[in-house]
Amino acid sequence: MAGQVDKKRAHASEEAPARMESDCGALPVETPAAKTDHAAEEARSAGSNRTLEHLGREVERLANPRNSLFEEAGAPLSGVHRGSALSLITGAVSGLGVAFGVSLVAIVRTVGGNVAKDLPGVIAIASAIVALSVVSSVITWRTRTWELTDAGIMLRSGLVTSKQLQVPYEHIHTVNMSSSLVERVLGLMTLDLDTGAASSEGEATRIRGLQAGMAEALREELFRRKAAVLADQGLDARTADADASAEADDEASPTAPAPSPDACYTLTTAQLVFAALTEARVVAQAVAFLILIVQGINLLQESELVNLSDVAGDIAVLPVALLIGVAALLLALALIVGFAISFVMSLIGYAGYRAERAAGRISVERGLLSRTSHTVALERIQSINIRQGLIRQLIGYAEVRASVVGAIGSSDETSTADGVVLHPFIRVTEVEAFLASIAPDFSAAETVKTGRVCFGSSSEELEEIGLVRLPRAAARRLAFRTAMKFLALAVALAGVGVFLARVLLAGESWSMVRLAVGALLVVMGVAVVARMILSAVLRYRDSRIGHDRTRFVMVLGGVKRRTEVVLRARLQHATASASPFQQRVQVATFMTRTAATGDLALRDVSAADADALLAWIRPRRGAGAAKPVDAAASRKDSQEG
């Protein structure tokens, strides 16, 4: 019996390798030498990975230096400070750019072999511009200082008239850090303090020429002191971090560690490329390219290198087919160049993207040549804006922005007037989970737990959640407005054509050119009309409005789809208005406002849905819970409208 058991065990042990080989595929049998070679290969692979990681860290360190040139490590924040003397170089470079622009005509004539008659005067003007720029930079550098006090940060400026501006720590809502290409080379940064006063602040709350380590330490210290003040006042416990109860230390050093992030997001290389490819700025860049060509021709004309009067007759006698072909080729070239410029600009703008949430605030950094960094307190976010161009609608991706109360009053990259980009390229089905980790107040926890994602749901699921579509009457009104836009466009293009034919291109010699320009106007008109029709169809199909337990959601469909998510507590007011034509078909225009986004309006909402939304936003006291939007009734109204 024992012998049979031993035989079975031996037989099983012989079959085991066979079964393993059958289940897992042919497994190599490693000899001692093979094991040694395998270990050596793993060691080489690990060494290669460590080398790549080290190289990546070095590239990141060079692209985003933590300290500037000649910056002392651990310099204290106490006392009176001014920008680095290296910032004078940026002023000189700016003056050189202006001088180059002023002297451009003379430079072109000189390069073309002609000596400009007024060359000495141009050189004198350019030299005066550079000198004035350098002197202005020196004066600004000497007179602008900042100091951390017990009550707030003190900003001083002015040569003849001295100005002092004290910004209380608790009033600092957003701190934006930015650096131009020249500033990045020098390791300098500019800090913008946003207190919500918008256009009344501007340059007054901007600190230029900060060294990288000092800028990062100052930003962290400002938010730390703000948290301490709020904790002492008991205004907002959420914004107070672990050290909020401690008093601000005037000897704070830039070496103080930053709080570890609660959530962190970056872009992979593939996401970065697709984000740049799907950025819809092609038409704008194409128009800019055409304007640049016109300005270049005008520059050559002013420089006396080209005389358009001599070639006008030759152009006029060319065949009309050739002229139309050249115009079409130029238009195609403009679109290609516009796409290339848009791609490169987006690639440079989104490179190095990183979003973090820590200690009650969100920090977003991005940019390769010029770097921008937005730091926003969570309580200042008024709404979440989800944007999708036509291409991103087709592939299911979107851009997520946060509308922040107040702005720094500028239109450059550091401005928060159009919102802070929280994520430039994210799958729509992942937006809810992204908000849950980066901006928890604007996520619906119960929606995430059940797996029902609002932003990536079908039409039926959206209606079940509480978002309803526009009624049939809205489609008829939208078609009427589109027809009126078409008539206005036709009249405008006809007027342009008549003006060109009767004024600019009058005469028999320009007949072929008039035909080419007319054909071009027709092509442009057809393209615009096609876009108008597509936008109208998508607006009616995709527009939604409604709410869930805590959030108001408005979806504006179209070629550029926009979804606004606002907490009910952040809505300042809501109105439903109806013109006589809207009253006739029982629809209304629903409008809400926040402190950051202004008016959010959706036309031709069902009157019953508008009343239900008003009752939810402004519930009557003692009336109990507001009645939710009736999705079934809205569907019936849509069918019968």
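The structure we're discussing is the one just above.
What comes next is a walk through the structure. (Residues numbered from 1 in each chain as written. Predicted model: local features only at pLDDT ≥ 70, side-chain atom pairs only at ≥ 80, totals over all residues. Heavy atoms only, no water.)

## What to know about helix 5 (residues 119-143)
Thinking step 1. Over its 25 residues, helix 5 extends 36 Å from the first C-alpha to the last, a length consistent with the 36 Å expected when each residue adds 1.5 Å.
Thinking step 2. Within helix 5, the full set of buried residues consists of Val 122, Ala 126, Ser 133, Ser 137 and Thr 143. (Helix = DSSP H or I, 4+ residues; strand = E, 2+ residues; numbered from the N terminus. Expected span 1.5 Å × (residues − 1). Buried < 20%, exposed > 50% of the residue type's maximum accessible area, 1.4 Å probe, protein only.)

## Structural notes on the nonpolar core
Thinking step 1. Within the largest apolar cluster, 36 residues are counted, with the highest numbers of intra-cluster contacts made by Ile 362, Val 364, Ile 381, Ile 384, Val 400, Leu 422 and Phe 434.
Thinking step 2. Residue assignment for this core shows that the elements contributing at least two residues are helix 8 (269-277), strand 10 (361-366), strand 12 (381-388), strand 13 (397-404), strand 14 (420-427), helix 13 (431-438), strand 17 (551-556) and strand 18 (561-567).
Thinking step 3. No other element matches strand 13, which puts five residues into this core.
Thinking step 4. Residues in contact with Val 364, not counting those within four places in the same chain, are Tyr 353, Arg 354, Ala 355, Thr 372, Ser 373, His 374, Val 420, Val 421 and Leu 422.
Thinking step 5. Judged by nonpolar contacts, the second largest core, of 23 residues, contains Trp 146, Val 167, Val 175 and Leu 210. (Core = buried A, V, L, I, M, F, W, Y, C linked by side-chain atoms within 4.5 Å. Contact = heavy atoms within 4.5 Å.)

## A few points about the sheet that holds strand 8 (residues 263-266)
Thinking step 1. Strand order in the open sheet formed by seven strands is 7-6-5-11-10-9-8, and the pairing between neighbours is antiparallel. The strands lining the two open edges of the sheet, one partner per strand, are strand 7 (206-211) and strand 8. Pairwise comparison of adjacent strand axes, ignoring direction, gives a mean angle of 15° for this sheet.
Thinking step 2. Here strand 6 (residues 188-194) pairs with strand 7 via four bridges, running antiparallel. Considered in strand 7, the bridge of Leu 191 is made with Ile 207.
Thinking step 3. Helix 13 rests against strand 8, strand 9 (354-358) and strand 10 of the sheet, and its axis sits at about 135° to strand 8. (Pairing = 2+ DSSP bridges. Axes fitted to C-alpha atoms, helices over the stretch in contact; angles between N-to-C directions.)

## What to know about a nonpolar patch on the surface
Thinking step 1. A surface patch of nonpolar side chains, about 440 Å² in accessible area, is lined by Leu 390, Ile 391, Leu 394, Ile 395 and Leu 534.
Thinking step 2. For the nonpolar patch, the element with the most residues is helix 12 (residues 390-395), which contributes four residues.
Thinking step 3. Note on placement: Leu 534 falls in helix 17 (residues 511-542). (Patch = residues over 30% accessible without salt bridge, like charges linked within 9 Å, V, L, I, M, F, W, Y side chains within 5 Å. Areas by Shrake-Rupley, 256 points an atom, 1.4 Å probe, with all protein chains shown as cover. Salt bridge = Lys/Arg side-chain N within 4 Å of Asp/Glu carboxyl O.)

## Examining the pairing of strand 12
Thinking step 1. Taken across its eight residues, strand 12 has seven buried, putting it largely inside the fold.
Thinking step 2. Where strand 12 lies against strand 13, six bridges are found, and the strand directions are antiparallel. If you follow Ile 384 over to strand 13, its bridge partner there is Ala 402.
Thinking step 3. Note that strand 12 and strand 18 share six bridges and pair antiparallel. If you follow Arg 387 over to strand 18, its bridge partner there is Arg 562.

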